[in-house]
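For reference, the chains in residue letters:
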Amino acid sequence: VMLLPHGHEGQGPDHTSGRIERFLQLCAEGSMTVALPSTPASYFHLLRRHALDGIERPLVVFTPKSMLRNKAAVSPVSEFTDSKFLSVLDDPVFADRPADRAKVTRVVLVSGKLYYELVARRDKEGRDDIAIVRIEQLYPVPYRRMRMTLEKYPNAQDHVWVQEEPANQGPWPFLGLWLPEMLPDILSGLRRISRRAMSAPSSGSSKVHAVEQQEIIDAAFGPRTEAPSVS
């Protein structure tokens, strides 16, 4: 098991990236597991599964930094005792209100700490037309569980992958290639929202970082769209 700190927090290139894209380039034929857990329980069950499932292959975990201090990134005891590792986490808001799934017109796919920033923005605006789905395991690509989750939003007209990393880094160069092929009926029009392509992982300026981060979050939401009415 290799643990690599990862997260865009405005501290400069050397403190930003665990180089997700480089490990995903090496992934084929079940060569390793690459994960980016977003909750304590998800991390616990990921390590537990790795030790007990009988599949012997390397595990690369991109671990949080600011999430260690984020009061929203917590898990109740029941998620440790009654659950297991889930490679895809459905939006808990709509899990509690399944009837509201029909209002969703955009599904945001995301990994890592950016999830909490997107949720905070949605809560502030009171949006019910956007679902935020977390991909906890980047490889092997959990396309079956992803299909099961995305099919719960029948009126979603727009699917976007949102990441903090530049366009040529992070999960997008890998998942942007494979997801439309694995789920052509759902994700053929998958779009990316991220920083521009860059030669370094980040700008190195906290002020520039803040502007870029806000642009990503703004673009992830966009204008409100209504789900088609059912006659």
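The structure this text deals with has already been given above.
Below is a summary of the structure that appears in this document.

What counts and what doesn't
- Residues numbered from 1 in each chain as written.
- Predicted model: local features only at pLDDT ≥ 70, side-chain atom pairs only at ≥ 80, totals over all residues.
- Heavy atoms only, no water.
- Helix = DSSP H or I, 4+ residues; strand = E, 2+ residues; numbered from the N terminus.
- Buried < 20%, exposed > 50% of the residue type's maximum accessible area, 1.4 Å probe, protein only.
- Pairing = 2+ DSSP bridges.
- Contact = heavy atoms within 4.5 Å.
- Axes fitted to C-alpha atoms, helices over the stretch in contact; angles between N-to-C directions.
- Core = buried A, V, L, I, M, F, W, Y, C linked by side-chain atoms within 4.5 Å.
- Polar contact = N/O pair within 3.5 Å; in protein donor to acceptor, adjacent residues only side chain to side chain.
- Salt bridge = Lys/Arg side-chain N within 4 Å of Asp/Glu carboxyl O.

### A closer look at the side chain of His6
With respect to the helices and strands, His6 occurs in the loop between β1 (2–5) and α1 (20–25). Its relative accessible area of 6% is what places His6 among the buried residues.

### Examining the sheet that holds strand β9 (residues 191–195)
Read from one edge to the other, the open sheet built from 5 strands follows the order β4-β6-β5-β8-β9, with strand pairing classed as mixed. Edge positions in the sheet fall to β4 (88–89) and β9, since each has one partner strand and no second. Relative to strand β6 (residues 130–135), strand β5 (residues 106–110) runs parallel, the two being bridged by 5 bridges. The residue bridging Val110 from the neighbouring strand is Arg134, located in β6. The strands touched by helix α9 (residues 206–221) within the sheet are β5, β6, β8 (158–166) and β9, with β9 carrying the most contacts at an inclination of about 160°.

### Thoughts on the nonpolar core
Ranked by size, the top nonpolar core spans 34 residues in total, and within it Val34, Val107, Leu109 and Leu187 carry the most contacts. Secondary-structure elements contributing two or more residues to this core are α1, β3 (59–63), β5, β6, β7 (137–139), α6 (143–150), α7 (172–182) and α8 (184–187). Per-element tally for this core: the top contributor is α7, with 4 residues. Membership of the second largest hydrophobic core comes to 18 residues, among which are Leu114, Tyr116, Val160 and Ile193.

### Here we look at the environment of Ser83
Assignment of secondary structure puts Ser83 in the loop between α3 (77–81) and β4. Here the alpha-carbon distance between Ser83 and His45, two residues 38 residues apart in the chain, equals 8.1 Å. The contact partners of Ser83, leaving out residues within four places of it in the chain, are His45 and Ser78.

### Some remarks on the environment of His209
By secondary structure assignment, the location of His209 is in helix α9. In this structure, the C-alpha to C-alpha distance between His209 and Lys113, residues 96 residues apart in sequence, is 15 Å. Contacts of His209, omitting those with residues within four sequence positions, involve His8, Glu9, Gly10, Arg195 and Ser203. For His209, the side chain forms a polar contact with the side chain of Arg195, separated by 3.1 Å.

### Description of the environment of Ala156
Mapped onto the fold, Ala156 is located in the loop between α6 and β8. Separated by 69 residues in sequence, Ala156 and Ser87 place their C-alpha atoms 21 Å apart. Setting aside residues up to four positions removed in sequence, Ala156 forms contacts with Val104, Thr105 and Val107.

### Some points on the side chain of Gln169
By the element assignment, Gln169 lies in the loop between β8 and α7. Within polar-contact distance, the side chain of Gln169 engages the side chain of Arg19 at 3.4 Å. Apart from residues lying up to four places away in sequence, Gln169 is in contact with Arg19, Glu21, Gln163, Met198, Ser199, Ala200 and Pro201.

### Re the pattern of salt bridges
On inspection of all chains with the given rule, the structure shows 22 salt bridges. One salt bridge in this structure joins Arg191 and Asp158, with 2.7 Å as the shortest N-O distance. In this pair, Arg191 sits in strand β9 while Asp158 sits in strand β8, placing the two residues 33 residues apart along the sequence. Each of Arg97, Asp100, Lys103, Arg121, Glu125, Arg127, Asp128, Asp129, Asp218 and Arg224 takes part in a single network of salt bridges with overlapping partners.

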